[in-house]
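# Per-entry structural report
If you want the building blocks of each chain, they are given just below.
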Amino acid sequence: MEVFIDVDDIPQNYVEIEVSPANVLFDSYIVDPQNIDVESTARFDLQGIETAVMVNGTLNQRDDIDKSWTVEVAIPFNDLKSENGEQITFGTEIKINFYRLDMSQGMERGMYAWSPTGASFHKPSVFGKLILK
């Protein structure tokens, strides 16, 4: 599961959060979606993020059929970077998107997005909008 968050509506920079079914967390700060420097962006560390995963099946066993998995992520919005320096508070509008890759054995690779972006997930200009209330 992946979450992309653009708090300042500048499409060149945004936060990417990934959580695997094994509850492995990857968080990064993208500064150029056309030429992502994975090593550099991976140095970003979103303090205070919490994740939990429940798997209805087995991990890393391709010879069985899993039913589902669920992930819960608590994101500390106050720790997100904002180039324009605005505080994230009630009423703040954030561009956000949620993705899921499904690479089940024997099936065509599935790519799912809350707000479809086409061939690349890294298109903040078409992320959905979330208004904090």
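The structure reproduced in this document is the subject of the present report. In this text the structure is predicted, and so the values were computed from the model without any measurement. (Residues numbered from 1 in each chain as written. Predicted model: local features only at pLDDT ≥ 70, side-chain atom pairs only at ≥ 80, totals over all residues. Heavy atoms only, no water.)

### Let's talk about the overall build of the protein
What counts, and what does not: Elements are defined by DSSP. Helices are runs of H or I of four residues or more, strands are runs of E of two residues or more, and each kind is numbered from the N terminus. In this setup the radius of gyration rests on C-alpha atoms only. A globule is expected at 2.2 Å times the number of residues raised to 0.38. When checking whether two residues touch, look at their non-hydrogen atoms; a contact exists if any pair is within 4.5 Å. Accessible surface area values rest on a Shrake-Rupley calculation with a 1.4 Å probe, where residue burial reflects the displayed protein chains alone.
Each helix and strand in the protein was counted, giving one helix and eight strands. Tracing the protein from N to C terminus, the helices and strands come up as β-β-β-α-β-β-β-β-β. Compactness check: the protein gives a C-alpha radius of gyration of 16 Å against a globular reference of 14 Å for 133 residues, within 12% of the reference. Projecting the C-alpha coordinates of the protein onto the three principal axes gives extents of approximately 50 × 30 × 30 Å. Sequence separation of 24 or more characterises 49% of the internal contacts of the protein that already satisfy a separation of 6 or more. A total accessible area of about 8,600 Å² is found for the protein, and carbon and sulfur atoms account for 50% of it.

### A look at the pattern of salt bridges
Formally: A pair is scored as a salt bridge if a Lys or Arg side-chain nitrogen falls within 4 Å of a carboxyl oxygen belonging to Asp or Glu. Each residue gets one of three labels from its accessible area relative to the maximum for its type: buried under 20%, exposed over 50%, partly exposed in between, using a 1.4 Å probe on protein chains only.
By the definition in use, this model includes three salt bridges. The partner of Lys95 in a salt bridge is Asp9, and the shortest N-O contact between them spans 3.8 Å. Of this pair, Lys95 sits in strand E6 (residues 93-102) while Asp9 sits in the loop between strand E1 (2-6) and strand E2 (14-19), and the two are 86 residues apart along the sequence. For Glu93, the salt bridge is made with Lys129, and the minimal N-O distance between the two is 3.6 Å. Here Glu93 is found in strand E6, whereas its partner Lys129 is found in strand E8 (residues 128-131), with 36 residues between them in sequence. You can call Glu93 partly exposed: its relative accessible area is 43%. Overall, the relative accessible area of 53% leaves Lys129 in the exposed class.

### What to know about the environment of Phe121
Looking at the secondary structure, you find Phe121 in the loop between strand E7 (110-113) and E8. In sequence terms Phe121 and Phe4 are 117 residues apart; their C-alpha atoms lie 8.6 Å from each other.

### Overview of the side chain of Asp6
This is how it is decided: His residues and chain termini do not enter the charge count, which takes Lys and Arg as positive and Asp and Glu as negative. In the analysis that follows, any N or O atom pair within 3.5 Å is treated as a polar contact, provided that within protein one partner can donate a hydrogen and the other can accept it, and provided that, for residues neighboring in sequence, both atoms belong to side chains.
One can find Asp6 in strand E1. Buried and unpaired, Asp6 has no salt bridge, with Lys95 as the nearest side chain of opposite charge at 5.7 Å. Only 3.4 Å separates the side chain of Asp6 from the backbone nitrogen of Asp8, close enough to count as a polar contact. In this structure, Asp6 is in contact with Pro11, Asn13, Tyr14, Ile94, Lys95, Pro124 and Phe127, ignoring residues within four places of it in sequence.

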